[in-house]
Amino acid sequence: MGIALSLVVAGLALLLVARLGLFAFAVGLGMLPVVLIVGGVIWAVSAALAGRRGGNGAGGDGGAPQA
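Because the structure is predicted, anything quoted here is derived from the model rather than measured.

*Asks:* Would you mind going over the overall build of the chain in detail, with residue names and values included?
*Replies:* In terms of helices and strands, the chain carries 2 helices and 0 strands. Split into buried and exposed, the 67 residues of the chain put 16% on the buried side. Taking contacts inside the chain between residues at least 6 apart in sequence as the whole, the part at least 24 apart equals 53%. Accessible surface, the chain as shown: approximately 4,900 Å² in total, 74% of it carbon and sulfur.

This is the structure we're talking about:
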């Protein structure tokens, strides 16, 4: 989840960088959807896998079967 969150933050940072000029604006807006989509997909997959293991991804018993 850390990678996904980092990609989302990087995408939002691109919006700030986009204010620096026309070239940065074009590059920032061009990469923003890709960065946000990739981050969202990684986030969704990691959340689904954590749910499938029966855990919340925060550690613990390593997904051992529950009684």
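Here the narrative resumes, following the displayed structure.
*Asks:* Quick one: what's the story with the environment of Leu 5, residue by residue and with numbers?
*Replies:* With respect to the helices and strands, Leu 5 occurs in helix α1 (residues 2-17). Judged by its relative accessible area of 43%, Leu 5 falls in the partly exposed class. In this structure the C-alpha to C-alpha distance between Leu 5 and Ile 42, which are 37 residues apart in sequence, comes to 9.0 Å.

Definitions and cut-offs
Residues numbered from 1 in each chain as written. Predicted model: local features only at pLDDT ≥ 70, side-chain atom pairs only at ≥ 80, totals over all residues. Heavy atoms only, no water. Helix = DSSP H or I, 4+ residues; strand = E, 2+ residues; numbered from the N terminus. Buried < 20%, exposed > 50% of the residue type's maximum accessible area, 1.4 Å probe, protein only. Contact = heavy atoms within 4.5 Å. Areas by Shrake-Rupley, 256 points an atom, 1.4 Å probe, with all protein chains shown as cover.

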